[in-house]
Amino acid sequence: MTTSLKDHVSHNAPSEMQNSRACAAAGQSKLMALYHVMYSQKHIECSQILLTDEDFSTLERRNNLKHTIDYLLKLGVIPILNENDVISVRGKLSIDEDRDMKFWDNDSLAVLVSVVTGADLCILLSDVDGLYTAPPNTPGAKLIYTYSPEDALQYKIGEKSTLGRGGMQAKIEACVNALKRGVKAVVIASGFKSDTILHIMNGVLIGTLFVSNYDVFVNEGSSVKGKAKAARKASRKLLQLTADERSLILKEISRRLIQERDKIVDANLRDIMLAEDSGLAPSIISRLSIGPKLETLAKGIESIAEGAEPIGRIIRKTEVSSNLELRQITVPIGVLLIIFESRPDVLPQIAALAIKSGNGLILKGGKEASHTNQILHKIITDVIFEVTEGKVPREVIAITDNRHDIDELLKCENEIDLVIPRGSSTLVNYIKSNTRIPVLGHAEGICHIYIDEEVDIDKAISIVIDSKTDYPAACNAVETILLHKKLTHDLRAKQIISALKKANVIIYGGPQASSIYRLQKATTLRHEYSDLKVTLEIVDDLKAAIKYINENSSGHTDVIVTENKDKAQLFLRDVDSACVFHNASSRFSDGYRFALGAEVGISTARIHARGPVGVDGLLTTKWIMVSKDSHIVGDFTSGKRQYTLKRLPLSSKL
């Protein structure tokens, strides 16, 4: 309230109104005006919600409040909640008065709002750093970092805060009430220090953390190891669902992605705006956009839902002996850690594949896409919880965007079964060097196109332009174009160069091409531009092209453009890459285009899975032995029984 307004109210109102209802009526509008000014500097809208005890008195009113808050947040509007002091002037609650759904200060109001909205964390800001072992100004008083309700008798609580009407004891009561009513954690910290809320959300040790059971909270909740354990536990619940139930989850996710398009796009635009403001490279910013991809994502997830059931598929059946059968069946790998950068569109694809294959999932997304990743994660985990009516916990898919968590996650070899990194070669190589968990993926996408002398030049130009310009930042975009030397003897090579330049592609030359066409020399023959740039080189013939590719390719995707089928067959056989194409764009190297529905990544490894990794790449096997009688090895050693070891048709029954 401004001084002049305060004086006006004080001098003109009856004494019993001074500094209470009249001041509140005058001051609330001024307070909101201040909030509007502050938030408008960040281009954020805010609104005011004034509350009394009556707003928490019935389930209907509490639901109304929750829906109002949810809707405002959906619109991108920050709700400012406060007590309606104009009509609600309270005294101190009596000791025997029911406080469960009443509030007596802003802290208890914050707790009630946390309970009503189903918040996991409530943060109470104070004028001190947190709860101390004694009043903060007492010599030897130490900050208490964690507090459980059973700790109450250990500490002496001092007088109330110099600000507000609550005091530290009131804060403690509010915190304990929050824990009793389902809020997982409450933190009391200083509101006078910069970035307090951000530090708390990033796990920095500040303030006092209130939890019902600290050991359980740390080991099975907030820590990265706890997230992995929770994901494994939840994945077993996912595995217990029928194929139809898991498909139903996926169909609802597909539907919800379209239904929540506006919310997703709004979050995505915030990420893009922040990325532009921070000066991120255009190639990274181009990967952030998700709006145009939502329809394709939804269709891909629908395709996964309608796919055959991958779990429990019998892939081998053997009669070991009479009435003794051995089966090898497909099962989930367990818990997957997927680390990806920039591209939030991979999150729903990966989640869908994990759900279909019955795997728990931990997602480490890039911070530059945090708003988009968080809203996608919430939509997906809400669907899982709602469709299964709580049988599968939300924790089956966990997420973090804190880069400091990577090192801790990579140490969880007992909790995580497979790491799939999607990002730069620096990231992938770092992960491979710093974990004992198996790693599946590729470090680079250095894709080649070889254009043979026996070529339809129009086809060649079309394939080259599509492979480079359709999505230059993708790992399956072409990075090197090899031309048969005879193409330089006529106009065909120049036609290709002209088409690339017309498409705004910057061309760097290998040793021969740079000399013939006066191109700027490529700094290396192994370079992933992820941009509208490409290396061009001249080779003597098909064998030289194959040799060049096998020496310089990353083993991702390589292409031959030729009308000679024999040459094409030789190329397809001898090029040692995960994907090798004839007369097709390198951009086809994609899980959706391979009819896999989606992919968790593209693997250039030589074991387990190679190329785009879909549902089948997220499965392993186990052996099931079934005896119709009773079998022991001793009977075979003594000769009482004999091994038959006969391969059986997969459709046969014991």
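Okay, so let's go over this structure. Predicted model, so just to flag it, every value in this text is computed and none were measured.

**Digging into the overall build of the protein chain**
Right, so step 1: Across its full length, the protein chain carries 22 helices and 23 strands.
Right, so step 2: Taken over 654 residues, the protein chain has a buried fraction of 48%.
Right, so step 3: A separation of at least 24 residues holds for 71% of the contacts in the protein chain among residues at least 6 apart in sequence.
Right, so step 4: With the model as given, the accessible surface of the protein chain reaches about 32500 Å², and the carbon-plus-sulfur share is 51%.

**Focus on the pairing of strand S13 (residues 447–451)**
Right, so step 1: The buried fraction of S13 is high, at five of five residues.
Right, so step 2: Burial of S13 is two-sided: the residues Cys447, Ile449 and Ile451 facing one way and the residues His448 and Tyr450 facing the other way are all buried.
Right, so step 3: Across five bridges, the pairing between S13 and strand S14 (residues 478–484) is parallel. In the sheet register, Tyr450 faces S14, and the bridge partner there is Leu482.
Right, so step 4: The sheet contact formed by S13 and strand S18 (residues 557–561) spans four bridges and is parallel. From the neighbouring strand, Ile451 faces S18, where its bridge partner is Val561.

**A short note on the environment of Thr562**
Right, so step 1: Looking at where Thr562 falls in the secondary structure, it is placed in the loop between S18 and helix H21 (565–574).
Right, so step 2: A relative accessible area of 0% places Thr562 in the buried class.
Right, so step 3: C-alpha of Thr562 to C-alpha of Tyr450: the two residues are 112 residues apart in sequence and 8.6 Å apart in space.
Right, so step 4: A distance of 3.1 Å separates the side chain of Thr562 from the backbone nitrogen of Asn564, its partner in a polar contact.

**Examining the nonpolar core**
Right, so step 1: Residues Ile355, Leu361, Leu363 and Ile397 are the most contacted members of the largest nonpolar core, which totals 48 residues.
Right, so step 2: Residues contacting Leu363, with those up to four places away along its chain left out, are Ile338, Phe340, Leu347, Ile350, Ile397, Ala398, Ile399 and Thr400.
Right, so step 3: Residues Leu487, Ala493, Ile507 and Leu519 belong to the second largest nonpolar core, which totals 30 residues.

**Quick notes on unusual backbone geometry**
Right, so step 1: The backbone of Asp195 shows a phi angle near 60°, a positive value even though the residue is not glycine.
Right, so step 2: Locating Asp195 in the fold gives a position in the loop between strand S5 (185–190) and helix H6 (196–201).
Right, so step 3: Its identity is not glycine, yet Glu389 carries a phi of approximately 55°, on the positive side.
Right, so step 4: The exposed category is assigned to Glu389, whose relative accessible area is 73%.

**Things to note about the pattern of salt bridges**
Right, so step 1: Going through the model one piece at a time under the given rule, you end up with 40 salt bridges.
Right, so step 2: A salt bridge links Lys193 to Asp129; the nearest nitrogen and oxygen atoms lie 3.1 Å apart. With Lys193 in the loop between S5 and H6 and Asp129 in the loop between strand S3 (121–126) and strand S4 (146–147), this residue pair connects regions lying 64 residues apart in the sequence.
Right, so step 3: Between Arg573 and Asp574 there is a salt bridge whose closest N-O contact spans 2.7 Å.
Right, so step 4: By relative accessible area, which is 62% here, Arg573 ends up exposed.
Right, so step 5: Sharing partners across several salt bridges, the network here consists of Asp452, Glu453, Glu454, Lys486 and Lys567.

**Focus: the packing of aromatic side chains**
Any pair of aromatic rings gets described here by the distance separating the centres and the angle formed by the planes.
Right, so step 1: Taken as a whole and assessed by the stated rule, the structure comprises six aromatic pairs.
Right, so step 2: For the pair Tyr35 and Tyr39, a centre-to-centre distance of 6.4 Å together with 25° between the ring planes defines the contact as stacked. With Tyr35 and Tyr39 both in helix H2 (residues 21–40), this residue pair falls four residues apart, about one helical turn.
Right, so step 3: Given a relative accessible area of 25%, Tyr35 falls into the partly exposed group.
Right, so step 4: By relative accessible area, which is 26% here, Tyr39 ends up partly exposed.
Right, so step 5: One residue, Arg394, lies across the ring of Phe385, its end atom 4.1 Å from the ring centre.

**Concerning the sheet that holds S5**
Right, so step 1: Spatially, the four strands line up as an open sheet ordered S3-S5-S6-S4, and their pairing is mixed. Single-partner strands in this sheet number two, and they are S3 and S4.
Right, so step 2: In this structure, S3 lies alongside S5, joined through six bridges in parallel fashion. Bridge pairing links Ile123 to Val187 in S5.

**Topic: the packing of helix H9 (residues 243–259) against helix H14 (residues 370–387)**
Right, so step 1: Look at H9 against H14: their axes get within 9 Å of each other, and the N-to-C directions meet at 140°. For the element pair H9 / H14, the angle class is oblique. Once H9 is placed against H14, the crossing between them reads as right-handed. Two secondary-structure elements touch here, H9 through Leu248, Ile249, Glu252, Ile253, Arg256 and Leu257 and H14 through Leu376, Ile379, Ile380, Val383, Ile384, Glu386 and Val387.
Right, so step 2: Split into classes, the residues belonging to the contact of H9 with H14 amount to ten nonpolar, no polar and three charged.

**Remarks on helix H18 (residues 492–502)**
Right, so step 1: Within the span of H18, buried status applies to Arg492, Ala493, Ile496, Ile497, Ala499 and Leu500. The buried residues of H18 all sit within an arc of 160° when viewed along its axis, so they share a single face. Of the residues in H18, the exposed ones pointing more than 90 degrees away from the buried face are Lys494, Lys501 and Lys502.

**What about the state of the cysteines?**
Right, so step 1: In this structure the tally under the stated criterion is zero disulfides.
Right, so step 2: Of all cysteine sulfurs in the structure, the one in Cys447 sits closest to Cys579, which takes part in no disulfide; the separation is 8.6 Å.
Right, so step 3: With relative accessibility at 5%, the residue Cys579 sits in the buried group.

**Description of the environment of Asp55**
Right, so step 1: Here Asp55 is to be found in the loop between strand S1 (45–51) and helix H3 (59–74).
Right, so step 2: Those residues in contact with Asp55 that lie beyond four places of it in its chain are Leu50, Arg61 and Arg62.
Right, so step 3: Engagement of the side chain of Asp55 in a polar contact is seen with the backbone nitrogen of Thr52, the distance being 2.8 Å.
Right, so step 4: Within the structure, Asp55 has its side chain in polar contact with the side chain of Arg61 (distance 3.2 Å).

**Description of the environment of Ser148**
Right, so step 1: Locating Ser148 in the fold gives a position in the loop between S4 and helix H5 (167–180).
Right, so step 2: Along the chain, Ser148 and Ser212 lie 64 residues apart, while their C-alpha atoms are 5.4 Å from each other.

What counts, and at which threshold
- Residues numbered from 1 in each chain as written.
- Predicted model: local features only at pLDDT ≥ 70, side-chain atom pairs only at ≥ 80, totals over all residues.
- Heavy atoms only, no water.
- Helix = DSSP H or I, 4+ residues; strand = E, 2+ residues; numbered from the N terminus.
- Buried < 20%, exposed > 50% of the residue type's maximum accessible area, 1.4 Å probe, protein only.
- Contact = heavy atoms within 4.5 Å.
- Areas by Shrake-Rupley, 256 points an atom, 1.4 Å probe, with all protein chains shown as cover.
- Pairing = 2+ DSSP bridges.
- Polar contact = N/O pair within 3.5 Å; in protein donor to acceptor, adjacent residues only side chain to side chain.
- Core = buried A, V, L, I, M, F, W, Y, C linked by side-chain atoms within 4.5 Å.
- Salt bridge = Lys/Arg side-chain N within 4 Å of Asp/Glu carboxyl O.
- Phe/Tyr/Trp six-rings, centres within 6.5 Å; stacked < 30°, edge-to-face > 60°.
- Lys NZ or Arg CZ within 6 Å of the ring centre and 35° of its normal.
- Axes fitted to C-alpha atoms, helices over the stretch in contact; angles between N-to-C directions.
- Parallel < 35°, antiparallel > 145°, perpendicular 65-115°, else oblique.
- Left-handed = near helix turned anticlockwise from the far one by under 90°.
- Nonpolar A, V, L, I, M, F, W, Y, C, P; charged D, E, K, R; others polar.
- Arc of directions from axis to C-beta.
- Disulfide = S-S within 2.5 Å.

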